[in-house]
Amino acid sequence: MTRTNTISFSVEVGLRFIGMWPDSAFPNLYWGAYMTTLITVQYYQYAYIFEHFDINNLWLLMDCLSLTLAYSHIVLKLLVLMYNRRIIYFMVRAIVEDWNESLANDSYKSTMTNMADISRRFSNTMFCAYICCAFFMSIGGYVLQAMSEANEPDNNKSRELPIKMAYPFDTSKSPIFECFLIEQFLYDMVLALLVGLVNALLVALILHVSGQIDIMQQDLLEIYNKKYDPSTFLLLMKDFICKHQKIITYSENIESLFTVIALMQVLWNTLVMCSSGFVIVTIISSGENTSTLVKPLIFYTLITLEVFVYCYAGEFLSAKSKAIGDAIYESLWYNLPPSDCCIILIMMLRCQKRLTLTAGKVVDLNLEGFTSVVKASASYVSVLNAMS
């Protein structure tokens, strides 16, 4: 059975577990449990950084800082989502209303079903990718390192946890080490799913707006193909304008929900990409065991992918909003009576203001911005490499 919602089932389950889905049971309890766990782990991560802070050992500092900053970013994302929880409720209910209207029209239903399928495939792909990365960054990375050190003497073998933390007791002995290794693996899995959840939610909301824009274009084509009676033109245009205003309001809500998250994504992930890139360059230049390269390389790829998703979503939304004005302009509006033509011209002027996704309402998110983030992180890596 086809799911009649642009938000996939996996995203809905994730939102319920963090207490962000409308009418979910005990939302504050779930959210509080996640935040308590994250903040506790963050305390031990930052304690490790302060204990081992040494500007002369940039490699260790950047290795710890990259993961710690990334996990801090997830905490901030949850705080922003909780602050804007009412916006999420409003958008979910608006999606349900749009689907109820679309189910009554076969052409509308086909368009929205295609968007729902894309959203579902993207969500599943993101979750699978993040789960695989979390595995290789924790258990997988440790196994590869243990295999590479199998032939070395016991006193040369390292016994460090994937996530470096300053515990108040010794964790290098069995079975404490194995227990904490499994705990960190599960912790990484949960964080990976949370990051994938936020990205999948953004894409699902953008795809829903895209589906509504496609429906508007279908209605416009039907008007100019003379499928409607000219005497009902004003009523049809009124409905058309209401749909356009609804799309604008919906896009503004997406902007309000994700603008702070996108700003943190650009600034925070630039630092994280810089730290991870420096670790990768250091390992390659030092000629160390290539097994130690797996973790920072996968992490760098994951962070870069996350920035790309946000920038591509902003680019896609802008392109789709421009398509409304292009569809109106390419129609036979000049064959209409002057009184009806004026309405079309006003709509064309309104469409010139694009729908955008911005980072902190400062800069637009687009593919050009993505290249700027990658270039900035690469330049910072070269500076750190020269300092080391």
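Residues numbered from 1 in each chain as written. Predicted model: local features only at pLDDT ≥ 70, side-chain atom pairs only at ≥ 80, totals over all residues. Heavy atoms only, no water.

**Observations regarding the overall build of the protein chain**
- Within the protein chain one finds 10 helices and two strands.
- Along the protein chain, from the amino end to the carboxyl end, the secondary structure elements read α-α-α-α-α-α-α-α-α-β-β-α.
- Taking all 388 residues of the protein chain together, the buried fraction comes to 51%.
- Considering only contacts within the protein chain whose residues lie at least 6 apart along the sequence, 79% involve residues at least 24 apart.
- Surface summary for the protein chain: the accessible area is close to 19300 Å², and the carbon and sulfur share equals 64%. (Helix = DSSP H or I, 4+ residues; strand = E, 2+ residues; numbered from the N terminus. Buried < 20%, exposed > 50% of the residue type's maximum accessible area, 1.4 Å probe, protein only. Contact = heavy atoms within 4.5 Å. Areas by Shrake-Rupley, 256 points an atom, 1.4 Å probe, with all protein chains shown as cover.)

**Let's talk about the packing of aromatic side chains**
- The full count for this structure, using the stated rule, is 10 aromatic pairs.
- Aromatic ring contacts, followed pair by pair, group Tyr 43, Tyr 44, Tyr 167 and Phe 180 into a single cluster. (Phe/Tyr/Trp six-rings, centres within 6.5 Å; stacked < 30°, edge-to-face > 60°.)

**Quick look at the environment of Val 374**
- Relative to the assigned elements, Val 374 resides in helix α10 (residues 367-387).
- Judged by its relative accessible area of 27%, Val 374 falls in the partly exposed class.

**Thoughts on unusual backbone geometry**
- For Lys 361, which is not glycine, the phi torsion reads 55 degrees and is therefore positive.
- The class for Lys 361 is exposed, based on a relative accessible area of 59%.

**Notes on the packing of helix α4 (residues 85-102) against helix α7 (residues 233-286)**
- Between α4 and α7, whose axes approach to 10 Å, the crossing angle comes to 150 degrees. Considered as vectors, α4 and α7 are oriented roughly antiparallel to each other. The chirality of how α4 crosses α7 is left-handed. Contacts between α4 and α7 involve Ile 87, Ile 88, Phe 90, Met 91, Ala 94, Ile 95, Glu 97, Asp 98 and Glu 101 from the former and Lys 246, Tyr 250, Asn 253, Ile 254, Ser 256 and Leu 257 from the latter.
- Of the residues belonging to the contact of α4 with α7, the class tally is nine nonpolar, two polar and four charged. (Axes fitted to C-alpha atoms, helices over the stretch in contact; angles between N-to-C directions. Parallel < 35°, antiparallel > 145°, perpendicular 65-115°, else oblique. Left-handed = near helix turned anticlockwise from the far one by under 90°. Nonpolar A, V, L, I, M, F, W, Y, C, P; charged D, E, K, R; others polar.)

**Regarding helix α9 (residues 338-351)**
- Relative to the 20 Å expected for 14 residues at 1.5 Å per residue, α9 spans 20 Å between its end C-alpha atoms, a close match to the ideal helical length.
- Buried within α9 we find Asp 340, Cys 341, Ile 344, Met 347, Met 348 and Cys 351. Axial view of α9: buried residues confined to an arc of 115 degrees, hence all on one face. In α9, the exposed residues that point more than 90 degrees away from the buried face are Pro 338, Ser 339, Ile 346 and Leu 349. (Expected span 1.5 Å × (residues − 1). Arc of directions from axis to C-beta.)

**Describing the UniProt feature "transmembrane region" (unreviewed entry) in the protein chain**
- Residues annotated in UniProt with the feature "transmembrane region" (unreviewed entry) correspond here to residues 29-46, 58-83, 122-144, 185-207, 266-285 and 297-313.
- As annotated, residues 185-207 comprises 100% helix and 0% strand, and the C-alpha atoms at either end are separated by 32 Å.
- Between the C-alpha atoms that bound residues 266-285 there is a distance of 28 Å. The span itself is 100% helix and 0% strand. (UniProt positions renumbered as here; feature names shortened; annotations may be inferred.)

**Notes on the packing of helix α8 (residues 294-329) against α9**
- Across the interface, α8 lies against α9 with an axial gap of 9 Å and an inter-helix angle of 155 degrees. It follows that α8 is roughly antiparallel to α9 by the angle criterion. Like other packed secondary-structure pairs, α8 and α9 cross with a definite hand, here left-handed. Judged by residue contacts, Ile 324, Gly 325, Ile 328 and Tyr 329 of α8 engage Ile 344, Met 347, Met 348 and Cys 351 from α9.

**Quick look at the pattern of salt bridges**
- Applying the stated criterion across every chain yields a total of eight salt bridges.
- The salt bridge partner of Lys 77 is Glu 306, with a shortest N-O separation of 2.4 Å. With Lys 77 in helix α3 (residues 58-83) and Glu 306 in helix α8, this pair connects stretches of sequence that are 229 residues apart. Each member of the pair, Lys 77 as well as Glu 306, is classed as buried. (Salt bridge = Lys/Arg side-chain N within 4 Å of Asp/Glu carboxyl O.)

**Here's the deal with the nonpolar core**
- Ranked by internal contacts, the top residues of the largest apolar core, which has 105 residues, are Leu 205, Ile 254, Phe 258 and Ile 328.
- For this core, the element with the most residues is helix α6 (residues 176-224), which contributes 25 residues.
- If you look at the next biggest cluster of nonpolar residues, it comprises 16 residues, including Ala 47, Met 62, Ile 283 and Val 381. (Core = buried A, V, L, I, M, F, W, Y, C linked by side-chain atoms within 4.5 Å.)

**Here we look at the environment of Leu 207**
- Considering the arrangement of structural elements, one finds Leu 207 in helix α6.
- Under the relative-accessibility criterion, Leu 207 is labelled buried at 8%.
- Between the C-alpha atoms of Leu 207 and Ile 118, which are 89 residues apart in sequence, the distance is 8.1 Å.
- Setting aside chain neighbours within four positions, we find Leu 207 in contact with Thr 6, Met 115, Ile 118, Ser 119 and Phe 316.

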